[in-house]
Amino acid sequence: MKLIIDDANVAAIRELYEYYPVSGVTTNPSILAKSGRQPYEVLKEIRSIIGDEAELHAQVISAKAEDMIEEAHKIVAEVGGNMFVKVPAIREGIKAIKVLAKEGYKITATAIYAPMQGYLAGEAGAVYAAPYVNRIDNLGGNGVAVAKQIHDIYENNGMKTQVLAASFKNSQQVLELADYGIGAATVAPDVMEGLLKNDIVDCAVAQFVKDFQGLCGDGATML
Ligand code: G3P
């Protein structure tokens, strides 16, 4: 499972890129709004941080398929590199995905709350489909189960589309999907930092240092 950063804060992206094995960055219109910066300015800065090879996902805003298609062309031309265009898996979006996929654009179908959206987006030619795990949980559903079901639909039908699960609030949701072998998960910085947070582990590492420096002196290392 690829791990992707779901954020547009360039300082956070820089830091996470230094520490974690991440494959790219996803954004959405709300995430871009939170940055308080002009969308293309921030997307280009993210591109310069992560390089041309890494995945960068940006979403269209328009309601009609024809306008979504035009936006997709503009996003890819303007930002460049390994660009994915996020298109909501609604009626107009599925129409846009069909056209864009035929044109060779890489599409992430987004705003997925139900397995049927994932199936249709895959059939239309999306590279990824993004179920919103925690938002589904908040509606009383089971986000992890929806993501797994979409993954199974792709596997059972020989489809190439991968699940790019989104909207996580805790490590357990991420772990369950990694265990299941889904394609990718995009995770906000606070959840990313939480993946490794464990006081018991920190205590164990501190004890190793204490024992070693009891033998060799304060501040000693293997150097
Ligand atoms: O990009 C969509 C998804 O990541 C939204 O996450 O935390 O706003 O539910 P969230």
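Further up the page is the structure itself.
Residues numbered from 1 in each chain as written. Predicted model: local features only at pLDDT ≥ 70, side-chain atom pairs only at ≥ 80, totals over all residues. Heavy atoms only, no water.

Engineer: Describe the sheet that holds strand S1 (residues 2–6), naming the residues involved and giving the relevant values.
Structural biologist: Taken together, the 8 strands give a closed barrel; going around it, the order is S1-S2-S3-S4-S5-S6-S7-S8, and neighbouring strands pair in parallel fashion. Looking at each pair of strands side by side, their axes are set apart by 30° on average, direction ignored. In the sheet, S1 pairs with strand S2 (residues 24–26) via 2 bridges, with the strands oriented parallel. Residue pairing for S2: Ile5 is matched across the bridge by Val25. Contacts from helix H3 (residues 39–50) reach S2, strand S3 (55–59) and strand S4 (83–88), with the element oriented near 170° to S3. Sheet contacts for helix H8 (residues 143–156): strand S5 (107–112), strand S6 (128–131) and strand S7 (162–165); angle to S7, the most-contacted strand, approximately 165°. (Pairing = 2+ DSSP bridges. Helix = DSSP H or I, 4+ residues; strand = E, 2+ residues; numbered from the N terminus. Axes fitted to C-alpha atoms, helices over the stretch in contact; angles between N-to-C directions. Contact = heavy atoms within 4.5 Å.)

Engineer: Outline H8, supporting the account with residue identities and numerical values.
Structural biologist: Each full turn of the α-helix corresponds to 3.6 residues, which orients residues three or four apart in the same direction. In a regular helix each residue adds 1.5 Å, so 14 residues correspond to 20 Å; H8 covers 20 Å between its end C-alpha atoms and thus fits that length. Along its buried surface, H8 packs onto S5, helix H6 (115–124), S6, helix H7 (133–138), S7 and helix H9 (171–180). N-capping of H8 is provided by Asn142, with a side-chain oxygen placed 3.3 Å from the backbone N of Val144. Looking one or two residues past H8, Gly158 carries a phi angle of roughly 60°, positive in sign. (Expected span 1.5 Å × (residues − 1). Polar contact = N/O pair within 3.5 Å; in protein donor to acceptor, adjacent residues only side chain to side chain.)

Engineer: Please provide a residue-by-residue account of the site of the ligand, values included.
Structural biologist: Lining the immediate environment of the ligand, one finds Asp6, Asn28, Lys86, Tyr132, Arg135, Ala166, Ser167 and Lys169. Asp6 places a side-chain nitrogen or oxygen 2.4 Å from an oxygen atom of the ligand. Interatomic distance of 2.8 Å between a side-chain N/O atom of Ser167 and an oxygen atom of the ligand. Against a free-state accessible area of 310 Å², the protein chains account for coverage of 81% of the ligand. Split into classes, the residues belonging to the shell around the ligand amount to 2 nonpolar, 2 polar and 4 charged. (Near = heavy atom within 4 Å. Areas by Shrake-Rupley, 256 points an atom, 1.4 Å probe, with all protein chains shown as cover. Nonpolar A, V, L, I, M, F, W, Y, C, P; charged D, E, K, R; others polar.)

Engineer: Break down unusual backbone geometry for me, citing the residues and quoting the values.
Structural biologist: Of note in the backbone geometry, Ala111 takes a positive phi value of approximately 60° without being a glycine. Topologically, Ala111 is positioned in strand S5. Positive phi values are uncommon outside glycine, yet Ser167 reaches one of about 60°. In this fold, Ser167 is placed in the loop between S7 and H9. Looking at Ser167, the relative accessible area reads 13%, which means it is buried. (Buried < 20%, exposed > 50% of the residue type's maximum accessible area, 1.4 Å probe, protein only.)

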